[in-house]
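# Geometric and topological summary
If you want the building blocks of each chain, they are given just below.
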Amino acid sequence: MTEHFPVLILLVPLFGALIVVLLGRERPDQCWVTSLISLGVSSLISFFTVIAVLSGKVQTLRYRMGGWPESDGYEVGIELRVDILAALVVFAVTFVGFVNTIYSKTRAGAEVRGKVPFFYALIQLLIVGLCGIVMTNDAFNLYVLIEITSLTSYALIAMGNRRAALSSFNYVIMGTIGASFYLIGVGYLYIKTGTLNIDDIRMVLEQKNLWEHQSIIVAFIFIMLGVWTKMAFFPLHGWLPNAYAYAPSMTGTFMAPLMTKVMVYVMIRVMVWIFGNEFVYSSQPMWGEIVIWMSVLAIVAGSLLALARTDIKKILTYLIVAEVGYMVGGSWLADGVGQAGAFYHILSDAAMTFCLFIAASIIVLRVGDSRVNAFDGLFRKMPLTMIGFTVGALSMIGLPPTCGFFSKWYLISAGIEAGHWGYVCALIFSSLVNAVIFFRIFERAYFGKISGVKEDHFPSDSDANPDIRIKEVPWSMLVPLFIASGSVLLLGIMNRSLFEWIQAALKMMNT
Amino acid sequence: MTEFSFIPLFTWIVSLLAVPGILLFRKRPDAREGITFLAAFLKLGMIFMMLPLIREGKILCFKFGEILPGIPIEFRVDGLGMLFALVASSLWILTTLYSLGYMRGLKEHDQTRFFVCFALSLSATIGVAFAGNLLTLYIFYEILSLSTYPLVTHHGDKEARSGGRTYLSHLLGTSVAFVLPAMIYCYWKSGGDLNFTDGSLLSTNIGSDAGLIVLLAFTLGFAKSGLMPFHSWLPNAMVAPTPVSALLHAVAVVKVGVFCVLRVFTGVFGTDLIAELDIAAVISYVAAFTIIVSSLIALTQDNLKRRLAFSTIGQLAYIVLGVSFLTSNGVTGSAMHIATHAFGKITLFFCAGAIFVATGKKYVSQMVGLGRQMPVTMLAFLFGSLSIIGLPPFGGAWSKWYLFLGALEADQLAMAVVLIISSILNIAYLLPIPINAFFRRPPQEDGQAETIEIKEAPMACVVPLSITAVGGLLLFLFPELGFELAQLLTKK
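First things first, this report covers the structure right here in the doc. (Residues numbered from 1 in each chain as written. Chains lettered and ligands numbered in written order. Predicted model: local features only at pLDDT ≥ 70, side-chain atom pairs only at ≥ 80, totals over all residues. Heavy atoms only, no water.)

With that settled, consider the overall build of chain B. A tally of regular secondary structure across chain B gives 19 helices and three strands. Taken over the C-alpha trace, chain B has a radius of gyration of 22 Å; the compact-globule value for 492 residues is 23 Å, and the two agree within 12%. Put simply, chain B has 492 residues, and 64% of those count as buried. Long-range pairs, those at least 24 residues apart, make up 81% of the contacts in chain B with a sequence separation of at least 6. (Helix = DSSP H or I, 4+ residues; strand = E, 2+ residues; numbered from the N terminus. Rg over C-alpha atoms; globule rule 2.2 N^0.38 Å. Buried < 20%, exposed > 50% of the residue type's maximum accessible area, 1.4 Å probe, protein only. Contact = heavy atoms within 4.5 Å.)

Printed below as a string of structure tokens:
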């Protein structure tokens, strides 16, 4: 049974999407339940995949799509390949998808009225695409899946408010350029090696010793540029803030934590699996230096741009830009801790971005204002929501025991070990800026005047005062928030085992 | 001798468990304060249970799981931690009693939140005192910053908000910017170890320059110690209600800062290594500068609490100065000064609060002739001042004596002179207050009666301040316990 898990993770939401569209005509109210079940099953399977991969008997699951027989030469068919790294990211994707579906229960009807079945179909297709990207072992298939995620996400974003259409169009342009760059890179690789299977490409590169060859270097650069565009690596980030901020809230909460992270995963995978550490770090020592300084720029610029915004969702989107800088810098530091730290940050950043986006969406919805003023007095009015928000924010700042602290720990120690002080300073700078951003918000939420309560009136007991009513949102939004903030803490507590698994898996790949 | 024990865990957790209790009884103030008292006494009791073991030279430890490779969250109770925990938890009981009088006397708002945060801060303080490695220390240090923020900003007005902003930005900012990278550097340099061992975490291969940078990063990064130039959070935090200023800003928070510095000197580097690298002089100069400048600023302050705050900054720098002598007398003096200054300064803050509760006066210039109206309070103020100045028969005399010896032993005559000048400045900014209160008449206003009646603050305020004043006296007469614990630190 275990050997079929990888394909089942993909098939369940794929058929879920089809069923939702068919159901949508007759019973639109069933769409939510159907996608909840399909994503629940899918995340359950990916959870068991994580366990199976960890159990020692199976280190790497391989699945030949369509049952192509093993040939003596190169792989002909498409292969799925799941090790612990892929399993963790796939679990993150499906689980966030599942939890986000709970969140969308009441929102979908309100925000994309009339298109509910399409929303659920697209989001499931998006999940299929993301999981496929993570699991596939075929470079061209990876491109196809990138396009699947892009197309679905263009549609999902465009469902938002009036400004969403233009944002989506920007995203289409940038996304297409990024994907084409990636495809060009793969084309070069195919010409030189004659195969598209990632393991085989590596094998041929090694056997024929093509490392010095111009077209391999060009291929690498094209692929990197393509992937960076897709992950919004500064200064290629222009499409991201508007796209995520103007999308329907339940689209934003799903795409913000996952899309960029999956592309970071692709980058690490290309670096480690296809080209290998030696080629990436040693053959051209200047590359690492340039990319790390670019990531320093990304971190600093992302933080400052976030600081300058007053719209809560815009702040969060620019923070994503900074966080992408963390991960790119970390994985280019040319040492084991950096790569593993960047990978750990994929998971932890997904958790905290998810947490913050849900909290922000809830607050924007409830208060009806997306500026930071919306937070005035919220600790008294919406204590539960604010607790969730606080956990995410503390993690962004990097305070223990949240996962943000530990990813910073690993990334900073990698920076110190590599002697790259610019990167270390950038990380600390970004922590400090995040502290300013979030404590400014906390101060508003903690002291701010609540509308309807007289100024300078401090009730001796908040729950005895009739003016202040606790006004929370329905459970279908609070539960996802608490799952998200819980996983921020859980990832922090579990950081040691996770980090060891990641390090072991990366080491295994490199030998 | 290291021994596994659950008592450190219980000592830490008891004030944490008080939080749900306090919340549960938020509608019944007497029961609510009862829970705080219960937790405080339990805590002190458990510390007394550990005391004989520690005096035998044992080290009690308790480990949670490893949170980072090779680094568990660990409690490890040694002499220094014991000394600090003893001071903090015994003064917690008195402060609770005092805040009961103060908060109810002024009919303050949000008392439940106040007591909840108080209990949380105490837990964090004990966590710092017992921390067995740098990471544990750092975590509780940060928790302390966050849990005291609502206390500092208790009044919620504009002044409190800006005070709170300075408070958090200084404390969080320095710890993230300096301590965190320094800690990670140590982790890397020592090959994945952050434990406070008796020797040193680092070794000579760190080199003088890097060593100096790391040492400075730690010493300035633990900005709770109030060293200049990161001291300005302390005077600004005086917007807090007085019991908070008393316990947190004369005892718990600021002492956590110097405690961390002591740990860095003795546990992370080890005094031998610092001597070998020859990097302590810079710290001495920073501390000496802080002592003199803060004392001079204190002279100019009319707001009593602000004057006391600047006095605290100077006194904390004594502790840093003492440890930077790297002699056993200096370190002993520093450890002792944690205790003696705590008793002296909390007395002064209690008095300032009592004066405010009874008369509403905040400024030194208003306190002329107050001795007739509040004799007990002003007498306690005198006791506290003398202890801070370091005159016998008060506890402060011992710690200053040892600091002075340490300076001579280290051949630092300039620093010895700094200590003397500072003592003179202490006299200049503290003693006029009780002297004017007792020997000058209050300015007469028309229609005011000649005779002044005795009108003290509520008993709940007066009793604790009398106890701490007498405590300062007792520390002079019976200093053995403090010595013993302090010397466990320097004994190899």
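Along the backbone of chain A there are 19 helices and two strands. In summary, chain A has a C-alpha radius of gyration of 23 Å against a globular reference of 24 Å for 511 residues, a match within 12%. Overall, chain A is about 80 × 60 × 45 Å in size when its C-alpha atoms are taken along their principal axes. In chain A, which comprises 511 residues, the proportion classed as buried is 61%. For chain A, long-range pairs separated by at least 24 residues make up 79% of all intrachain contacts whose partners lie at least 6 apart in sequence. Entry remark: accessible area of chain A is about 18400 Å², with carbon and sulfur atoms responsible for 64%. (Areas by Shrake-Rupley, 256 points an atom, 1.4 Å probe, with all protein chains shown as cover.)

A word on the interface of chain B and chain A. Counting residues at the interface gives 35 residues for chain B and 26 residues for chain A. In this assembly, chain B packs against chain A so that about 3000 Å² is buried in total across both faces, 72% of it on carbon and sulfur atoms. Between A:R496 and B:E66 there is a salt bridge, with its nearest N and O atoms 3.3 Å apart. Counting the contacts that link chain B with chain A gives four residue pairs in polar contact (both at pLDDT 80 or more). When residues of the side of chain B that touches chain A are traced back to their parent elements, those giving at least two are β2 (59–68), α5 (134–152) and α6 (158–189) of chain B. Split by residue class, the side of chain B that touches chain A holds 22 nonpolar, five polar and eight charged. (Buried area = accessible area lost by both parts, 1.4 Å probe. Salt bridge = Lys/Arg side-chain N within 4 Å of Asp/Glu carboxyl O. Polar contact = N/O pair within 3.5 Å; in protein donor to acceptor, adjacent residues only side chain to side chain. Nonpolar A, V, L, I, M, F, W, Y, C, P; charged D, E, K, R; others polar.)

Once that is clear, we can look at a nonpolar patch on the surface. A contiguous nonpolar surface patch, about 430 Å² in accessible area, is contributed by A:L11, A:L14, A:F15, A:L18 and A:I19. For A:L14, a relative accessible area of 32% gives the class partly exposed. (Patch = residues over 30% accessible without salt bridge, like charges linked within 9 Å, V, L, I, M, F, W, Y side chains within 5 Å.)

Our next topic: the sheet that holds strand β1 (residues 2–4) of chain B. Residue and element names in this part refer to chain B. Read across the open sheet, the three strands follow the order β1-β2-β3; overall the sheet is mixed. The open sheet terminates on both sides in strands that have one partner only, identified here as β1 and β3 (71–77). For this sheet, the mean inter-axis angle between neighbouring strands, taken without regard to orientation, is 40°. For β2 and β3, the ladder comprises six bridges, and the chain directions are antiparallel. Residue pairing across strands places F62 opposite F75, the latter belonging to β3. (Pairing = 2+ DSSP bridges. Axes fitted to C-alpha atoms, helices over the stretch in contact; angles between N-to-C directions.)

Turning to unusual backbone geometry, a few remarks are in order. The omega torsion of the bond from A:F234 to A:P235 falls at 5°, within 30 degrees of zero and hence cis. Checked against the element boundaries, A:P235 lands in the loop between α8 (214–231) and α9 (240–246). Going from B:P392 to B:P393, the amide bond is cis rather than trans, its omega being 5°. Of note, B:P393 is situated in the loop between α14 (375–389) and α15 (396–409). The backbone of B:D411 sits at a positive phi, close to 65°, despite the residue not being glycine.

It is worth spelling out the pattern of salt bridges at this point. All names here are of chain A. A complete count under the given rule lists 13 salt bridges over all chains for this structure. Notably, a salt bridge pairs E79 with R62, separated by 3.0 Å at the nearest N-O pair. Of this pair, E79 sits in strand β2 (residues 79–82) while R62 sits in strand β1 (residues 61–64); the two residues are 17 residues apart in sequence, bridging distant segments of the chain. Classification of R62 by relative accessible area gives partly exposed; the value is 41%. Among the salt bridges present, the one from R81 reaches D83, with a minimum N-O distance of 3.6 Å. For R81, a relative accessible area of 3% puts it in the buried group. Three or more residues are tied together by salt bridges with common partners; here these are R62, E79 and D199.

All right, on to the nonpolar core then. Ranked by internal contacts, the top residues of the largest apolar core, which has 379 residues, are A:W332, A:F389, A:W409, A:F438, B:F218 and B:F269. Top contributing element to this core by residue count: helix α10 (residues 249–283) of chain A, with 22 residues. With near-sequence residues (within four places) excluded, A:W409 lies in contact with B:L68, B:I71, B:L135, B:L180, B:M183, B:I184, B:Y187 and B:L194. (Core = buried A, V, L, I, M, F, W, Y, C linked by side-chain atoms within 4.5 Å.)

All right, on to α10(A) then. All names here are of chain A. Along its 35 residues, α10 runs just 45 Å from first to last C-alpha, ending more than 12% under the 51 Å computed at 1.5 Å per residue. If you look at α10, its biggest bend is around 105°, right at F275. Most of α10 sits out of view: 31 of its 35 residues are buried. (Expected span 1.5 Å × (residues − 1). Bend = angle between axes of the 7 residues up to and from the residue.)

Residues and elements named next belong to chain A. With 32 residues, helix α6 (residues 162–193) extends 47 Å from end C-alpha to end C-alpha; this agrees with the ideal 46 Å at 1.5 Å per step. If you check which residues of α6 are buried, you get A164, S167, S168, Y171, G175, G178, A179, Y182, G185, V186, L189 and T193. Buried residues in α6 make contact with α5 (139–158), α7 (198–207), α8, α9 and α10. Phi turns positive one or two residues past the end of α6, at G194, with a value near 75°.

The next subject is the packing of α15(B) against helix α16 (residues 413–430) of chain B. All names here are of chain B. Interhelical geometry of α15 versus α16 gives an angle of 155° and a closest axis separation of 7 Å. Regarding the angle of α15 to α16, the classification is roughly antiparallel. As for the relative orientation of α15 and α16, their crossing is left-handed in sense. Seen from α15, the contacting residues are K400, L403, F404, A407 and L408; seen from α16, they are L413, A416, L419, I420, S423 and N426. Partitioning the contact of α15 with α16 into residue classes produces eight nonpolar, two polar and one charged. (Parallel < 35°, antiparallel > 145°, perpendicular 65-115°, else oblique. Left-handed = near helix turned anticlockwise from the far one by under 90°.)

Let's shift gears to the environment of A:H213. Within the fold, A:H213 resides in the loop between α7 and α8. Sequence separation between A:H213 and A:K192 is 21 residues; the distance between their C-alpha atoms is 9.3 Å.

Bringing the pairing of β2(B) into the picture now. For a regular strand, side-chain orientation follows a simple rule: the groups alternate between the two sheet faces. All names here are of chain B. Pairing of β1 with β2 involves three bridges; the strand directions are parallel. Counted as the bridge partner of E3 is L60 from β2. Following β2, the chain reverses through two residues before pairing antiparallel with β3; G70 in that reversal takes a positive phi of roughly 85°.

This next bit is on the packing of helix α13 (residues 328–359) of chain B against α14(B). All names here are of chain B. The N-to-C vectors of α13 and α14 enclose an angle of 150°; their axes lie 8 Å apart at closest approach. Our classification of the angle between α13 and α14 gives roughly antiparallel. Note on packing geometry: the crossing formed by α13 with α14 is left-handed. For the pair α13 and α14, the contacting residues are T340, H341, G344, K345, T347, L348, C351, A354 and I355 in the first and T377, M378, A380, F381, G384, S385, S387 and I388 in the second.

What the rule picks out here adds up to 58 aromatic pairs over all chains. Residues A:F389 and A:F442 carry aromatic rings whose centres are separated by 6.4 Å and whose planes lie at 90° to one another, so their mutual orientation is edge-to-face. Taken together, the positions of A:F389 in helix α15 (residues 383–397) and A:F442 in helix α17 (residues 421–447) put the pair 53 residues apart, joining distant regions of the chain. For the pair formed by A:F389 and A:F442, the shared burial category is buried. Of the aromatic side chains, those joined through ring pairs into one cluster are A:W211, A:F220, A:W228, A:F233, A:F275, A:F279, A:Y281, A:W287 and A:W332. One cation-aromatic arrangement involves A:K105 over A:W32; the distance from NZ or CZ to the ring centre is 5.4 Å. Across the ring face of B:Y141, the terminal group of B:K224 is positioned such that the distance to the ring centre comes to 3.4 Å. (Phe/Tyr/Trp six-rings, centres within 6.5 Å; stacked < 30°, edge-to-face > 60°. Lys NZ or Arg CZ within 6 Å of the ring centre and 35° of its normal.)

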